[in-house]
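# Fold and geometry: a report
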Amino acid sequence: MRIVTEQAKSTTRSWKLVGMRSALVLAVVAAGAATYAGVRIAEFETSMKRVYDVPLRPVQRSTDPAVLARGEHLARSLGGCFTCHGQNLGGGRVEKMGPLGQIQAPNITSGKQGMLAAYGDAELARLLKHGVRRDGTSVRFMPSQDYSWWPDSDIDALISYLRTVPPVDGTPGVVELGLLGKLFDRLGMVAFDVARRIDHENLPQAPPPSESAQYGAYIARLCQGCHGEKLSGGRIPGTPSEIPEPSNLTPHETGLKDWTFADFDKLMRTGIRKDGSKLHPFMPTDNTKHFSDTEMKALWAFLRSLPPIPRGNR
Ligand code: HEC
Ligand code: HEC
């Protein structure tokens, strides 16, 4: 029984990571079409070998406590770095995703087996916004496409903070992708090949942080992997039945029509709904609880500006 529960927990966690990072779109897997699959998998391999020519830019590192605090805030909230790379950033847990493969995010401190010492500041900045590693190839699975819109000052703050994190001896991590993982990447169901999803010459430009819906729209990119492109919820394609259906976040009666900002804020910070019921842990309140008031209000303003759409239209 215990083993069964542990297994269910681990499945939930793994799919949570998949949901967090990807725009899972409706795609019918033309299973059995072996040639088709073979072509797609070859495309994946070719794309992963590509060396991107993205120039490095100098980083303004700082020891100003306000800048470091901003960096830590980003790492805990919008960046979700701790969710994947572990409580002390020494490496995450091994996430088994069945036939898709298995992933363990590496140690990103300057300790033994850590990635930080090898990376220069400019290389880190490029990794974060472009998903391009030191050797010029794409990083796998790490959601740089969700950070591309961050202003350079935020990237610099995050890097300044990372350089202050105590070194720990952690794990070098593991990324092993199965054939199905490679195929699903090409079908747009999960993002393992990150750099090809970013328009390196035209990164998105967000407005400065404010409580506006325009700013909230950028934060809401973090929600679309699970709640759908239109944020109307419904089952994430391909997920097993123990994963709950993400809710409708639009102001429709099957969504958040009757919710106030206070209800929303409480849910995002505590995982408790307006009727007092507890949310399934699949919804990542471990980062959303760290959102600032400005971020939370901007997100709410954006959700209120959406057209009301019935639940399940993704
Ligand atoms: C959804 C999980 C996830 C999140 C969130 C995440 N990472 Fe990663 N990160 C990974 C994985 C997986 C790898 C290994 C990638 C590979 O080997 O291709 C990685 C690799 C790295 C690397 C090493 C790159 C290399 O050359 O292998 C650094 C540095 C890094 N992450 C920093 C960060 C920072 C900083 C944040 C927060 C802004 C962050 N990551 C958020 C999953 C994540
Ligand atoms: C990893 C997937 C995932 C991500 C990412 C995610 N959610 Fe959720 N969310 C869920 C699931 C699943 C539920 C339903 C949980 C349940 O039924 O207990 C949910 C429920 C909710 C609810 C409760 C609605 C209701 O009617 O009870 C709100 C509000 C919400 N999410 C907002 C957000 C916002 C805003 C974001 C982005 C910042 C976000 N979620 C990101 C998976 C996710």
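For the structure given in this document, a descriptive report is provided here. Worth saying up front: this structure is predicted, and the values here are computed from it rather than measured. Numbers given for residues are sequential positions, taken from 1 along each chain in its written order. Whichever chain is written first is A, and whichever ligand is written first is 1; the rest continue in order. Only residues with pLDDT of at least 70 get local features here, since the model is predicted, and only at 80 or more are side-chain atom pairs given and counted; chain-wide, interface and lining totals rely on the full set of residues. As a convention, hydrogens and water are excluded, and side-chain values are obtained from all of the structure's heavy atoms.

### Remarks on the site of ligand 2
Where we set the bar: It suffices for a single heavy atom of a residue to lie within 4 Å of a molecule or strand for the residue to be listed as near it. Throughout this description, a polar contact denotes any pair of N or O atoms lying within 3.5 Å of each other; where both atoms belong to protein, one of them has to be capable of donating a hydrogen while the other can accept it, and for residues adjacent in sequence the pair is counted only when both atoms sit in side chains. Put simply, DSSP marks the helices as runs of H or I at least four residues long and the strands as runs of E at least two long, and each gets a number from the N terminus on. We call Asp, Glu, Lys and Arg charged. Ala, Val, Leu, Ile, Met, Phe, Trp, Tyr, Cys and Pro are nonpolar, and the rest, Gly among them, are polar.
Close contacts around ligand 2 come from 24 residues, with C223, C226, H227, R273 and M283 the closest. At 2.7 Å from a nitrogen atom of ligand 2 is found a side-chain nitrogen or oxygen belonging to H227. Measuring from an oxygen atom of ligand 2, one finds a side-chain N or O atom of R273 at 2.5 Å. The set of elements that each furnish at least two residues to the shell around ligand 2 consists of α1 (2–21), α9 (221–227) and α10 (261–270). In terms of residue class, the shell around ligand 2 is built from 18 nonpolar, three polar and three charged.

### Observations concerning the coordination of the iron atom of ligand 1
Worth spelling out the cut-off: Sodium, potassium and calcium take a 3.2 Å donor cutoff, other metals 2.8 Å, and in both cases only N, O and S atoms count; water is not among them, so sites may look incomplete. The geometry test gives tetrahedral to four donors whose angles all lie between 85 and 135 degrees, gives square planar to four donors and octahedral to six donors whose opposite members are over 155 degrees apart with all other angles between 65 and 115, and gives irregular to the rest. Partly exposed residues are those whose accessible area sits between 20% and 50% of the maximum for their type, while under 20% is buried and over 50% is exposed, using a 1.4 Å probe and protein chains only.
H85 (NE2) and M142 (SD) make up the full set of protein donors to the iron atom of ligand 1, lying at 2.0 to 2.3 Å. Considering all six donor atoms around the iron atom of ligand 1, angles at the metal cover 80 to 180 degrees and the coordination shape is octahedral. A residue pair is termed long-range when its members are at least 10 positions apart, and H85 in helix α4 (residues 81–85) and M142 in the loop between α5 (121–130) and α6 (152–162) qualify at 57 residues. Both residues of the pair, H85 and M142, belong to the buried class.

### Digging into the coordination of the iron atom of ligand 2
Listed as protein donors to the iron atom of ligand 2 are H227 (NE2) and M283 (SD); their distances from the metal cover 2.0 to 2.1 Å. Taken together, the six donor atoms surrounding the iron atom of ligand 2 define angles of 85 to 179 degrees at the centre, an arrangement classified as octahedral. Here M283 lies in the loop between α10 and α11 (285–288) and H227 lies in helix α9, a separation of 56 residues in the sequence.

### A short note on the site of ligand 1
As a structural note, the neighbourhood of ligand 1 is formed by 24 residues, with C81, C84, H85, Y119 and M142 the closest of them. Taking R140, its side chain carries an N or O atom lying 2.9 Å from an oxygen atom of ligand 1. Among the secondary structure elements, those contributing two or more residues to the shell around ligand 1 are α4, α5 and α6. Among the residues making up the shell around ligand 1, the classes are represented as 18 nonpolar, three polar and three charged.

### Regarding the sheet that holds strand β3 (residues 174–177)
Our working definition: Two strands are counted as paired when DSSP detects at least two bridges linking them.
Taken together, the three strands give an open sheet; going across it, the order is β1-β2-β3, and neighbouring strands pair in antiparallel fashion. What marks the edges here is a single partner per strand, and that holds for β1 (95–96) and β3. Looking at chain direction, strand β2 (residues 101–104) and β3 are connected through four bridges and run antiparallel. Paired with Q102 across the bridge in β3 is E176.

### Focus on the packing of α5 against α6
Here is the rule: Geometry is summarised by axes, namely lines fitted to C-alpha atoms with helices restricted to the contacting stretch, and by angles between N-to-C directions that run from 0 to 180 degrees. Angles are sorted into four bins: roughly parallel if under 35 degrees, roughly antiparallel if over 145, roughly perpendicular if 65 to 115, and oblique for all others. For any pair of crossing helices, the crossing counts as left-handed if the nearer helix is rotated counterclockwise from the farther one by less than a right angle, and right-handed if it is rotated clockwise. Whether two residues are in contact is decided by their heavy atoms: any pair within 4.5 Å suffices.
Where α5 meets α6, the closest approach of the two axes is 10 Å, and the angle between their N-to-C directions is 120 degrees. Relative to α6, α5 is oriented oblique. Viewed along their axes, α5 and α6 form a crossing whose handedness is right-handed. Residue-level contacts link D121, L124, A125, L128 and K129 of α5 to D152, I155, L158 and I159 of α6.

### Regarding the pattern of salt bridges
Stated formally: We define a salt bridge as a contact between a side-chain nitrogen of Lys or Arg and a carboxyl oxygen of Asp or Glu at a distance within 4 Å.
Taken as a whole, this structure holds 19 salt bridges when the rule is applied. A salt bridge links R70 to E295; the shortest N-O distance between them is 4.0 Å. Of this pair, R70 sits in helix α3 (residues 65–76) while E295 is found in helix α12 (residues 293–305), placing the two residues 225 residues apart along the sequence. Its relative accessible area of 2% is what places E295 among the buried residues. Measuring nitrogen to oxygen at the nearest pair gives 2.9 Å for the salt bridge that ties R197 to D185. Separated by twelve residues along the polypeptide, R197 in the loop between α7 (179–186) and α8 (213–219) and D185 in helix α7 bring together distant segments of the chain.

### Focus: the layout of surface pockets
Convention followed: Within this scheme a cavity is a closed region of a 1 Å grid, computed over the protein atoms alone, that accommodates a 1.4 Å probe without allowing it to escape, whereas a pocket is open but has protein on both sides within 12 Å along at least five of seven lines; lining residues each have an atom within 4 Å of a point. Grid points are joined across faces, edges and corners, and a volume is the space filled by probe spheres set on the points.
Considered as a void within the structure, the second largest pocket measures approximately 420 Å³ in volume. Breaking the lining of the second largest pocket down by element, the ones donating at least two residues are α5 and α6. Looking at the lining of the second largest pocket element by element, the count peaks at four residues for α5. Here the lining of the second largest pocket is composed, by residue class, of 13 nonpolar, four polar and eight charged.

### Section: the pairing of β2
Judged by which residues are buried, β2 turns out to be covered on both faces: G101 and I103 on one side and Q102 and Q104 on the other are all buried. Both β1 and β2 contribute to a ladder of two bridges, which runs antiparallel. Bridging across to β2, E95 finds its partner in I103. The hairpin formed by β1 and β2 contains four residues between the paired strands, and G98 there has a positive phi angle of roughly 55 degrees.

Treat this as a map of the structure, not an account of what it does.
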